[in-house]
Structures are given as C-alpha cells and as structure tokens.
Amino acid sequence: MGSKNIKWLYLVILSLVWGSSFILIKKALIALTPLQVGSLRLIFAAIFLVLVGLKSLKQLNRKQWKLIIISAFIGSFFPVFLFAYAETEIDSAIASILNATTPLLTLIFGVFFFKAILTQNKTIGVIVGLLGTVGLILSGASINPDQDYLYSFLVIIAATFYAVNVNILKFYMQDISAVAITVGSFLVLSLPATIILYYTGFFETESLTSELQWSLISVGILGVLGTGLAMILFNKLVQISDPVFTTSVTYIIPIVALGWGILDGEVFGLWQLFSAAIILIGVFIVNRSKNLMHKKSR
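Keep in mind that what you see is a predicted model, and the values were worked out from it rather than measured.

**Student:** Just give me the short version of the pattern of salt bridges, but keep the residues and values in it.
**Tutor:** What the rule picks out here adds up to two salt bridges. Asp 264 is the partner of Lys 27 in a salt bridge, and the nearest nitrogen-oxygen pair spans 2.6 Å. In this pair, Lys 27 is assigned in helix α1 (residues 3-28) and Asp 264 in the loop between α11 (249-263) and α12 (270-297), connecting sequence segments 237 residues apart. A relative accessible area of 29% means that Lys 27 is categorised as partly exposed. For Asp 264, a relative accessible area of 27% puts it in the partly exposed group.

Below you can see the structure in the form of structure tokens.
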C-alpha cells in the first residue's frame, strides 16, 4: 500500500479511536476523579507500550531522550488531565469539537516558530474546517445552556499543547521511530502519573463497586487503545505526512464523538450534522493542497 493510502488509513483509524475516547473519559469519570482518570490512562498506556515495544528504546541516544521527554509532557501528560477536567462540565462531544482547533493552532505555530510553508489551500481548508467547528459549538451552546463553557478553555489549552508537539515531532524528531517515541514518552510519564494517582487516595479504595469496575474498564480501554496504540499511529502519521494533514484528524473526531454522544443520550440537532459535513470538506481541501503541488511539479 502506498504512503498516500496508508496515511488515509491511519487517519480513519485514529478518528475512530480518538473519537471514541471522549465517551470513554465521560464513563471513567462516573466513579473516578479527573486526576485519577488522567493518571490511570497514562499508566495503562505505559504498561501496554512497554510490553510491545521496549526493545525500540535501545536505539535512542541522550539528545533523542531529551526531545522525547519534552514531547511526552507537551503532547500527552498535560492534555490528558485537561480533557478529564473539561468533561466534568461539558459534554464529551463538545470537548471533541473544541479539540478541532488543533489544525489551526498547528498552522499558526508552524508558520511563526517552525518555518513551515503556508499554502493557500491549507489556509482555506483550515478555515472551512473551523467554520464547521464554530457551527457545532454555537448550536451545542444553544441546546445545552446549562453547561459551563469556561471549561472549554481547558480543551483549547490542550489543543495548543498538541499543536506545539506535532510541530516538534515533524521538525525535530523525524529520525526517531514512531514506536520509540511513544514507548519512551509513556515510560517517562509513568512515574509522575503513579505519584499523582497515589496522592489521590486511589490505592486506599476499600470496595470495588460495579460503577468503579466499569470506570476502570473504560480508562483501561482508553489507555491501551485510545492512548498507547493511537499514539504510535499518530507519530507515524506525522512522519509520513505534513503537520496540518496529521492534525486534520481532529476534524473527523467530532463526527465519531457525536455518534457516541447521541447513543449516550446527549442532545444534538440537524445544524450540528450539517456542520460536521463542512468539517469533512475542510479535511479534503487541506489534503488537496498537496495533490495540487504534485500535479504542478510534473
């Protein structure tokens, strides 16, 4: 399979996995605190990744480890806690929608700090996608007026971390394997995550209620699939495509999350579905910019 088809396959898989992550966070928060959800998510991911990819760390040197540590905290550690806290006040689907600001932020940081090339189609694609996102946000606010949208800024901050991290991965970590980056990152984060989990009093829990069991199952799936496996695919996608295309996964994620939200009883309208279609158009335009460049070069 060519790199063009592979990157689209990765994009679809990541959209399905990460689109499902928001409902899993919501379910995990039923019996766990945001700090516990974030910590357990990192720990489960670390255990899974060490089991499947520990050998990949042998090839890393000191300079690469420094980059991995920076990437780990920016791209994984802070965002998992920010999303967990955000979903204590806003719907899971709304959190996923706000996360769609990542491509715009990636483009901004890439142009101003990483010397990325700005093309007309990429700009148009990002703007179109954001218009769809704004439509989703506004309609969500009108349908759910009781939600505290101040917590939405936590998602914007997390998206900012993602935007900075994806540029670091693309411009400074191309020579490191995606598996090594992911395994190294979560191995580093497992220690602070365990310390945080300890101070939340999690290990003092006396009874394992049915709600706690389901919350642990949710965060387990979230850690292994939504964090561990997904980050390997994401880091690989960064290496075989450009940052804006990679982060356009955040445009498709809300569509998956909306589906889960509807199944879970969250209320949505036709305007939100229309906005989701606009988001997909934005993804197409962002990717089309690269195809046009190839045609012109022939």
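**Student:** Outline the nonpolar core, listing residues and values.
**Tutor:** Counting residues in each nonpolar core, the largest one holds 76 residues, and the members touching the most others are Leu 14, Trp 18, Leu 42, Met 173 and Phe 234. With 11 residues, helix α3 (residues 62-86) is the largest single contributor of residues to this core. With residues near it in sequence (within four places) discarded, Phe 234 still touches Leu 14, Trp 18, Val 166, Leu 169 and Thr 246.

**Student:** I'd like a description of empty space enclosed by the protein, backed by residues and values.
**Tutor:** Across all of its chains, the model carries two cavities of 30 Å³ or more by this definition. Empty space within the largest cavity amounts to approximately 330 Å³. Trp 18, Arg 41, Phe 83, Asn 99 and Tyr 162 are the residues nearest the centre of the largest cavity, which is lined by 22 residues in total. When residues of the lining of the largest cavity are traced back to their parent elements, those giving at least two are α1, α3, α7 (152-172), α9 (210-240) and α11. Residues that form the lining of the largest cavity fall into these classes: 11 nonpolar, 10 polar and one charged. Approximately 50 Å³ is the volume found for the second largest cavity. Lining of the second largest cavity is provided by Ser 71, Ser 76, Asn 165, Leu 169, Ile 181, Thr 182, Ser 185, Phe 186, Met 231 and Asn 235.

Quick notes on the rules
- Residues numbered from 1 in each chain as written.
- Predicted model: local features only at pLDDT ≥ 70, side-chain atom pairs only at ≥ 80, totals over all residues.
- Heavy atoms only, no water.
- Salt bridge = Lys/Arg side-chain N within 4 Å of Asp/Glu carboxyl O.
- Helix = DSSP H or I, 4+ residues; strand = E, 2+ residues; numbered from the N terminus.
- Buried < 20%, exposed > 50% of the residue type's maximum accessible area, 1.4 Å probe, protein only.
- Core = buried A, V, L, I, M, F, W, Y, C linked by side-chain atoms within 4.5 Å.
- Contact = heavy atoms within 4.5 Å.
- 1 Å grid on protein atoms, 1.4 Å probe; cavity = no way out; pocket = protein on both sides within 12 Å on 5 of 7 lines; lining within 4 Å.
- Points joined across faces, edges and corners; volume = space filled by probe spheres on them.
- Nonpolar A, V, L, I, M, F, W, Y, C, P; charged D, E, K, R; others polar.

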